[in-house]
Amino acid sequence: MPTEIYLVKVGMTMHEGTVEEWYVADGERVEAGAMLYRLETEKVNLDVDAEASGIVRHLAAEGDTLEPGDVVGFIYADGETIPDVLPRPKPKRDIAVVGEEPASPPPVQAKPAASGARVAASPAARRLARERGVSLEGVAGSGPGGRIVEGDVPAVPPAPEPPQRIAASPAARKLAAELNVDLANVDGSGPRGRITREDVQSAADAPAAAQPSAGATRMSAMRRTIAERMHSSLRDTAQLTMDMEVDVTDLVKLRGNLIDEWADDGVRVTYTDLVLVAAARTLIRHPKMNACLSDDAITSYDYAHVGMAVALDEGLIVPVIRDAHEKPLREVARESADLASRARAGSLGLGDLADGTFTVTSLGMFGVDTFTPILNPPQAGILGVGRIYDGVKWHDGTPVRAPMLRLSLTWDHRVLDGAPAAEFLAAVREYLEQPYRLLV
């Protein structure tokens, strides 16, 4: 019997995923432990390894979206008969969750794997090793059972990529060589514009004088999930937004001083960091905002896990700073920079995105004064940060120019009313107008 290749489940909340790319072409051989296909989910991407050695046959095509446990292909052992028509087995709905390291066993330093042996490494570690151009052979793993995790991968500069590399599936490259099609002249319809086998065939069948058409681009799993969740958020919650002006004269001075003071340590605090800390500490004092609504019950939290929205080319992702109310500003600034960097590199883990109780999002760097953030359900609130602009405040009856900032708070009116929401926003403003309180 062939080994079935499943669409793996990444996290308990995953409902579907996309076979973004097959690393092994249909009909080619794979060795156990080698990368087999790349899975795209609404939160993270994951490289899936082969569980056996043999000939790979694809049941799902690149770009197909399926449920966890669906069979996407087979691995036929040497000498095993491969049918012309592949079977369609039933999905395995009790498939184990992958992608997160178990938390219970303590880290242990394991011996490096022997040369030629399969290296036990997490998908994130394998991806980071590829990016850095290093081999995992000889690397000692500190994860459970000696498994190599991200922190074990040597920090070596990544190998330079070939110039003008064209994104195309292995099957597409093979067909292009057979049909003498120049991939540089083919528009890809796969995920992120990747060229598929069908794109190559269409280019080969087209008249010689025809020019590639821009066409429609397939919506990525992340973009599709964002669209669904934002529509669901607006449809299923009672959202209102209020904004409030903040005098950030002292905040601007404090940030400038901290940038100079922490420069030698490589820590550069942002205005979003300052707002995030102010919001986290205020959430503990205003638990009605630090809450969620589910099954006709309102749950308030005694901790503040604050999400920070990071804009990517593919869409918005919200890594979470856990227990932000307890952490010093310096630590929050360092952690937020690390999360943003890993978000853009595509190396966030599921734990980096889970359990947020509130979200802070900023458009100030784009010159936006105020906007209407959309809730990130089941959270009851999200705080938008605008740009700092020249405003006016009154001093002894005289108008004085001062740097101002607008905060835009969207909240779920099903969870709390306007008065407690306004009290929360005013308390955040107090922190920002008396910023020394953020350091104590």
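Refer to the structure above for everything that follows.
Residues numbered from 1 in each chain as written. Predicted model: local features only at pLDDT ≥ 70, side-chain atom pairs only at ≥ 80, totals over all residues. Heavy atoms only, no water.

**Q** How do you make sense of the packing of helix 2 (residues 170-179) against helix 3 (residues 197-205) when you look at a structure like this?
**A** Two measures define how a pair of helices packs: the angle their axes make with one another and the distance between the axes. Interhelical geometry of helix 2 versus helix 3 gives an angle of 20° and a closest axis separation of 8 Å. In terms of orientation, helix 2 lies roughly parallel with respect to helix 3. In the packing of helix 2 onto helix 3, the handedness of the crossing is right-handed. Of helix 3, the residues touching helix 2 (which contributes Ala171, Ala172, Leu175, Ala176 and Leu179) are Arg197, Val200, Gln201 and Ala204. Each residue belonging to the contact of helix 2 with helix 3 can be placed in one class, and the counts come to 7 nonpolar, 1 polar and 1 charged. (Axes fitted to C-alpha atoms, helices over the stretch in contact; angles between N-to-C directions. Helix = DSSP H or I, 4+ residues; strand = E, 2+ residues; numbered from the N terminus. Parallel < 35°, antiparallel > 145°, perpendicular 65-115°, else oblique. Left-handed = near helix turned anticlockwise from the far one by under 90°. Contact = heavy atoms within 4.5 Å. Nonpolar A, V, L, I, M, F, W, Y, C, P; charged D, E, K, R; others polar.)

**Q** Hey, could you run me through unusual backbone geometry in this one?
**A** Most peptide bonds take the trans form, and the phi angle of most residues other than glycine is negative. Cis geometry marks the peptide bond from Pro377 to Pro378, where omega comes out at 5°. Turning to its location among the elements, Pro378 is positioned in the loop between strand 18 (358-362) and strand 19 (381-395). In this structure, Asp355 is a non-glycine residue whose phi angle is positive, near 70°. Tracing the sequence through the fold places Asp355 in the loop between helix 7 (329-345) and strand 18. Overall, the relative accessible area of 48% leaves Asp355 in the partly exposed class. (Buried < 20%, exposed > 50% of the residue type's maximum accessible area, 1.4 Å probe, protein only.)

**Q** How should the sheet that holds strand 18 be read in this particular structure?
**A** Strands in a sheet are paired, the pairing made by backbone hydrogen bonds, and the direction either parallel or antiparallel. If you trace the 6 strands from one edge of the open sheet to the other, you get 11-20-19-18-14-17, paired in mixed fashion. In this open sheet, the two strands that pair with only one neighbour each are strand 11 (239-247) and strand 17 (320-321). Relative to strand 19, strand 18 is paired through 4 bridges, and the arrangement is parallel. Bridging across to strand 19, Ser362 finds its partner in Val385. Running at roughly 90° to strand 20 (residues 398-412), helix 5 (residues 249-261) makes contact with strand 11, strand 19 and strand 20 of the sheet. (Pairing = 2+ DSSP bridges.)

**Q** Can you help me understand the nonpolar core in this one?
**A** Within soluble globular proteins, side chains that are nonpolar generally end up buried alongside one another. Among the nonpolar cores identified, the biggest contains 81 residues, and Leu36, Tyr37, Leu383 and Leu407 are the most heavily contacted of them. The greatest single-element share of this core, amounting to 8 residues, is contributed by helix 6 (residues 271-285). Excluding its chain neighbours within four sequence positions, the residues that come into contact with Leu36 are Ile5, Trp22, Tyr23, Val24, Val30, Val48, Asp49, Ala50, Val56 and Ile75. (Core = buried A, V, L, I, M, F, W, Y, C linked by side-chain atoms within 4.5 Å.)

**Q** It is not clear to me how the packing of aromatic side chains should be interpreted in this structure. Could you clarify?
**A** When we look at a pair of aromatic rings, we describe it by the centre distance and by the angle of the planes. Taken as a whole and judged by the stated rule, the model has 4 aromatic pairs. A ring pair is formed by Trp22 and Tyr37, whose centres lie 5.5 Å apart and whose planes are at 55°; its orientation type is tilted. One end of the pair, Trp22, is in strand 3 (residues 17-22); the other, Tyr37, is in strand 5 (residues 35-40), with 15 residues separating them in the sequence. For Trp22, a relative accessible area of 2% corresponds to the buried category. Owing to a relative accessible area of 0%, Tyr37 belongs among the buried residues under this scheme. Ring centres of Tyr301 and Tyr303 lie 5.4 Å apart, and the angle between their planes is 45°; on these two criteria the pair is classed as tilted. Accessibility expressed as a relative area gives 22% for Tyr301, which makes it partly exposed. Directly above the ring of Tyr271 sits Arg255, whose terminal nitrogen or CZ lies 4.5 Å from the centroid. Taking NZ or CZ as reference, Arg437 lies 4.1 Å from the ring centre of Tyr431, over its face. (Phe/Tyr/Trp six-rings, centres within 6.5 Å; stacked < 30°, edge-to-face > 60°. Lys NZ or Arg CZ within 6 Å of the ring centre and 35° of its normal.)

**Q** I keep staring at the pairing of strand 13 (residues 297-300) and nothing clicks. Help me out?
**A** Sheet faces and side chains relate simply in a regular strand, where the side chains alternate between the two faces. Examined bridge by bridge, strand 12 (residues 291-294) and strand 13 share 4 bridges and lie antiparallel to one another. When the sheet's bridge partners are listed, Ser294 is paired in strand 13 with Ala297. Between the antiparallel neighbours strand 12 and strand 13 lie 2 residues, among them Asp295 with a positive phi of about 50°.

**Q** Before we go on, may I ask you to explain the side chain of Glu21 in this structure?
**A** Examined against the element boundaries, Glu21 turns out to sit in strand 3. Setting aside residues up to four positions removed in sequence, Glu21 forms contacts with Tyr37, Arg38, Glu62, Ala168, Pro170 and Arg194.

**Q** Where do I start with helix 2 in this structure?
**A** Within an α-helix, residues lying three or four positions from one another point in the same direction, as the helix has 3.6 residues per turn. For helix 2, the set of buried residues is Ala172, Leu175 and Ala176. Burial along helix 2 is one-sided: seen end-on, the buried residues are contained in an arc of 105°. Turned more than 90 degrees from where helix 2 packs its buried face, Ala177 and Glu178 sit exposed. Residues of helix 2 that are buried make contact with helix 3. (Arc of directions from axis to C-beta.)

**Q** Quick question: what am I supposed to make of the sheet that holds strand 3 here?
**A** One open sheet accounts for 4 strands, arranged 6-5-3-8; its pairing is antiparallel. Each edge of the open sheet carries a strand with a single partner, namely strand 6 (45-49) and strand 8 (65-66). Of the pairings in the sheet, the one linking strand 5 to strand 6 comprises 5 bridges and is antiparallel in character. Within strand 6, the residue paired with Arg38 across the bridge is Asp47.

**Q** Sorry if this is basic, but what is going on with the pattern of salt bridges here?
**A** Pairing of side chains with opposite charge becomes possible as their charged atoms draw close. Taken as a whole and assessed by the stated rule, the structure comprises 17 salt bridges. The partner of Glu31 in a salt bridge is Arg29, with the nearest N and O atoms 3.0 Å apart. Overall, Glu31 belongs to the partly exposed group, its relative accessible area being 43%. What makes Arg29 partly exposed here is its relative accessible area of 38%. For the salt bridge of Asp78 with Arg29, the shortest nitrogen-to-oxygen distance reads 2.5 Å. (Salt bridge = Lys/Arg side-chain N within 4 Å of Asp/Glu carboxyl O.)

**Q** Help me understand the side chain of Arg57 in this model?
**A** Here Arg57 shows up in strand 7 (residues 54-58). A polar side-chain atom of Arg57 sits 2.9 Å from a polar atom in the side chain of Asp26. Not counting residues up to four positions away in its chain, the partners in contact with Arg57 are Asp26, Gly27, Gly73, Phe74, Tyr76, Ile82, Pro83 and Leu86. (Polar contact = N/O pair within 3.5 Å; in protein donor to acceptor, adjacent residues only side chain to side chain.)

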